[in-house]
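Descriptive structure summary
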Amino acid sequence: MTTSRVRSEAAHAAAGVLSAVVALAVAELAAALVSPTSSPVVAVGGVAVDSAPVWLKSFAINTFGVHDKQVLVGGVLVVLALYAAVVGVLAFLRPRIGDLGIVLFAAMGAAAALTRPDAGLLAVLPSVLGGLAGAVALRMLVRSARPAVTPASPTIGTATADRRTVLLTAAGLGAVAAVSGATGRRLLSTRGDVDASRAALRLPAPADAAPALPAGTDLGVPGVTPFLTPAKDFYRVDTALVLPRVNPDTWRLTVKGRVSRPFSLSFAELLAMPMVERVLTMTCVSNEVGGEYAGNARWLGVPLAAVLDRAGIDPAADQIVMRSADGWTCGTPTSVALDGRDSLLAVGMNGEPLPIAHGFPVRAVVPGLYGYVSGCKWLTSLELTTFADVDTYWIRRGWGERGPVKTMARIDTPGSFAGLKPGRRAVAGVAWAQHRGVGTVEVRVDGGPWSAARLASVPSSDTWRQWIWEWDATPGRHTLEARATDATGAQQTETRTPPFPDGATGWHSRVVTVR
């Protein structure tokens, strides 16, 4: 292939990519007006999340952490760019093939948008409008680059493309894309004035405040996770590619299903109910042994039991299906919500309104259960039903039905493969067994005898617990292991299992070198 041919093909591919950029920008603008989840990129990404096998989800969460969604969106955009480049090359050979490629792009986006929970017919509009904009853009680029015949002599004509026309067309389309994209982002960022509503919100004082933290809750050991987790550091694992932005002025919580008195609450009505404040630890079922998907915060909210009692629950309803504003669902055992533990419909976190990323304006927090069966963010409804009748989002994908948190001890310091000097060294970390409590933590070196660690104080059995063990480190390569026993006497199992289907098990270990 000649150099000129390569340059020509590259220019055609670039035209296809520019057309796709225009299509996406227009689609994003339309999605800002219809629904953020109707964006073709978000919709296709959502389908990818829903259909991905368990091993791939686990790999993404453990490899990319809180950035897994950005990686997914980036992957969708890369695939789209490659597809658009091919369509661009084909369009200059046969314009109708280019049109067909754009139609296929729009159809995939529209089909994906319709699969999103609670999607209406308008969900296809962003993909359709984006597809039309992309088709027009590609046609304009093809025509602007089409050679024109100019007289070279009275008898001979030369076919040339007007480069100035091509560049002006591309620049104009780029401007359309930039303006459309910027407008769409602006509309999304101000959608419902959620940020302003959150900033203006003043949380009520709790009728039942959290007890003061006992002395010695935080051992102050360098490298150990703080007892309270700042909101900015609190883990986030969910399926939302676009954060739901729920306006508290229009939010309502619907309580329905197998109840004798279904009802709904406004946010103002919820805030008027007696509030409870508690320090509670949450853990994600995706957490590997020694993983960081656990956090401890001071939550303010209405007891879940108080809301359910008002509805009059059918005794046969053994499951509460919680639904998020983006359609995600989780199923919580009804018995857990009513057994006296501090299950909350939370509105505050560490003295502030919930961050949008953590469920503003309302989320559920249920101590003792993994978040996938209890921690519904952006909560909009509670439906009383049975486990036999309804499988929620993760249960349909093979995860365990009830999701009780498993006992776990984690070594925070020393870190993996740390280099230490001989002498007295602190081995320390956190352990959790929510709603049972941590009774003991033990540490051993190189498979030797277990030694009891010193435990920090805790305000309740629903929080994690710091621990420390002083080790006389000797030169060499050593393996440190930790295990916990809950307050009922049940010991953390040695057997190592992955998070799927109901939480990881096994002793956490660190390999260090002393020299």
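Residues numbered from 1 in each chain as written. Predicted model: local features only at pLDDT ≥ 70, side-chain atom pairs only at ≥ 80, totals over all residues. Heavy atoms only, no water.

Brief notes about the packing of aromatic side chains
The full count for this structure, using the stated rule, is eleven aromatic pairs. A centroid spacing of 6.1 Å and a plane angle of 75° characterise the contact between Trp394 and Trp399, whose relative ring orientation is edge-to-face. Neither Trp394 nor Trp399 differs from the other in exposure class; each is buried. Measuring from ring centre to ring centre gives 5.0 Å for Trp450 and Trp507, while their planes differ by 80°; the resulting arrangement is edge-to-face. On the criterion of sequence distance, the pair formed by Trp450 in the loop between strand 16 (438–445) and strand 17 (451–452) and Trp507 in the loop between strand 20 (476–486) and strand 21 (508–514) is long-range, its members being 57 residues apart. Exposure remark for Trp507: the relative accessible area of 10% places this residue in the buried category. Seen from the ring of Phe263, Arg310 lies directly overhead, with NZ or CZ sitting 4.2 Å from the centre. (Phe/Tyr/Trp six-rings, centres within 6.5 Å; stacked < 30°, edge-to-face > 60°. Buried < 20%, exposed > 50% of the residue type's maximum accessible area, 1.4 Å probe, protein only. Helix = DSSP H or I, 4+ residues; strand = E, 2+ residues; numbered from the N terminus. Lys NZ or Arg CZ within 6 Å of the ring centre and 35° of its normal.)

Points about the pattern of salt bridges
Summed over all chains, the structure comprises 20 salt bridges. Across the pair Asp339 and Arg341 runs a salt bridge whose closest N-O atoms are separated by 2.8 Å. Judged by its relative accessible area of 40%, Asp339 falls in the partly exposed class. Look at Arg341 and you get buried, because its relative accessible area is 16%. Each of Asp50, Arg116 and Arg397 takes part in salt bridges that share partners, so that together they form one network. (Salt bridge = Lys/Arg side-chain N within 4 Å of Asp/Glu carboxyl O.)

Section: the sheet that holds strand 8 (residues 329–333)
One open sheet accounts for five strands, arranged 4-3-12-7-8; its pairing is mixed. In the strand order of this sheet, the two ends are held by strand 4 (263–266) and strand 8, each with one partner. Between one strand axis and the next, the sheet turns by 20° as a mean value, whatever way the strands run. The sheet contact formed by strand 7 (residues 319–324) and strand 12 (residues 379–385) spans six bridges and is antiparallel. Looking at the pairing, Val321 lines up with Glu383 of strand 12. (Pairing = 2+ DSSP bridges. Axes fitted to C-alpha atoms, helices over the stretch in contact; angles between N-to-C directions.)

A closer look at the confidence of the model for the protein
Chain-level statistics for the protein give a pLDDT mean of 91 and a share of 96% at 70 or above. Low pLDDT, under 50, characterises residues 152–159; the stretch is placed with eleven contacts to residues that sit more than four places away or in other chains. (pLDDT = per-residue confidence, 0-100. Contact = heavy atoms within 4.5 Å.)

Here's the deal with the packing of helix 4 (residues 68–93) against helix 5 (residues 95–114)
A pair of packed helices is characterised by two quantities: the angle between their axes and the separation of those axes. With their axes 6 Å apart at the nearest point, helix 4 and helix 5 run at an angle of 155° to one another. As summarised for this structure, helix 4 and helix 5 are arranged roughly antiparallel, according to the angle between their axes. Here Leu80, Tyr83, Val87, Leu90, Ala91 and Leu93 of helix 4 come into contact with helix 5, specifically with Pro95, Ile97, Gly98, Gly101, Leu104 and Phe105. (Parallel < 35°, antiparallel > 145°, perpendicular 65-115°, else oblique.)

Considerations on a nonpolar patch on the surface
A cluster of nonpolar side chains, namely Trp55, Leu56, Phe59, Phe64 and Val71, defines an oily patch on the protein surface of about 500 Å² accessible area. The dominant element in the nonpolar patch, judged by the number of residues it contributes, is helix 3 (residues 54–64), at four residues. Within the fold, Trp55 resides in helix 3. By relative accessible area, which is 62% here, Trp55 ends up exposed. (Patch = residues over 30% accessible without salt bridge, like charges linked within 9 Å, V, L, I, M, F, W, Y side chains within 5 Å. Areas by Shrake-Rupley, 256 points an atom, 1.4 Å probe, with all protein chains shown as cover.)

Regarding the nonpolar core
Formed by 81 residues in total, the largest nonpolar core has its most connected members in Trp299, Val307, Met322, Leu345 and Leu382. In this structure Leu345 touches Leu253, Leu300, Gly301, Val302, Leu304, Val307, Val362, Arg363, Ala364, Leu379 and Leu382, once residues within four positions along its chain are discounted. Counting residues in each nonpolar core, the second largest holds 21 residues, with Ile411, Ala418, Ala431 and Ala482 among its members. (Core = buried A, V, L, I, M, F, W, Y, C linked by side-chain atoms within 4.5 Å.)

As for the packing of helix 2 (residues 40–51) against helix 4
Between helix 2 and helix 4, the shortest axis-to-axis distance is 10 Å and the interhelical angle comes to 115°. Overall, the two elements helix 2 and helix 4 adopt an arrangement that is roughly perpendicular. Considering how the two elements wind past one another, helix 2 and helix 4 form a crossing that is right-handed. Here Val41, Val44, Gly45, Ala48 and Val49 of helix 2 come into contact with helix 4, specifically with Leu72, Val73, Val76 and Leu77. Taken together, the residues of the contact of helix 2 with helix 4 sort by class into eight nonpolar, one polar and no charged. (Left-handed = near helix turned anticlockwise from the far one by under 90°. Nonpolar A, V, L, I, M, F, W, Y, C, P; charged D, E, K, R; others polar.)

Some remarks on the side chain of Thr239
Within the secondary structure, Thr239 sits in the loop between helix 8 (194–200) and strand 3 (252–257). A relative accessible area of 17% places Thr239 in the buried class. If we ignore the near neighbours within four places in the chain, the residues touching Thr239 are Val49, Lys69, Trp328, Tyr393 and Trp394.

What about the sheet that holds strand 21?
Backbone-to-backbone hydrogen bonds pair the strands of a sheet. The strands run either parallel or antiparallel. Pairing within the open sheet is mixed, and its five strands lie in the order 14-21-20-16-17. The open sheet terminates on both sides in strands that have one partner only, identified here as strand 14 (419–420) and strand 17. Pairing of strand 16 with strand 20 involves seven bridges; the strand directions are antiparallel. Each residue of the ladder has a partner; that of Thr440, found in strand 20, is Thr485.

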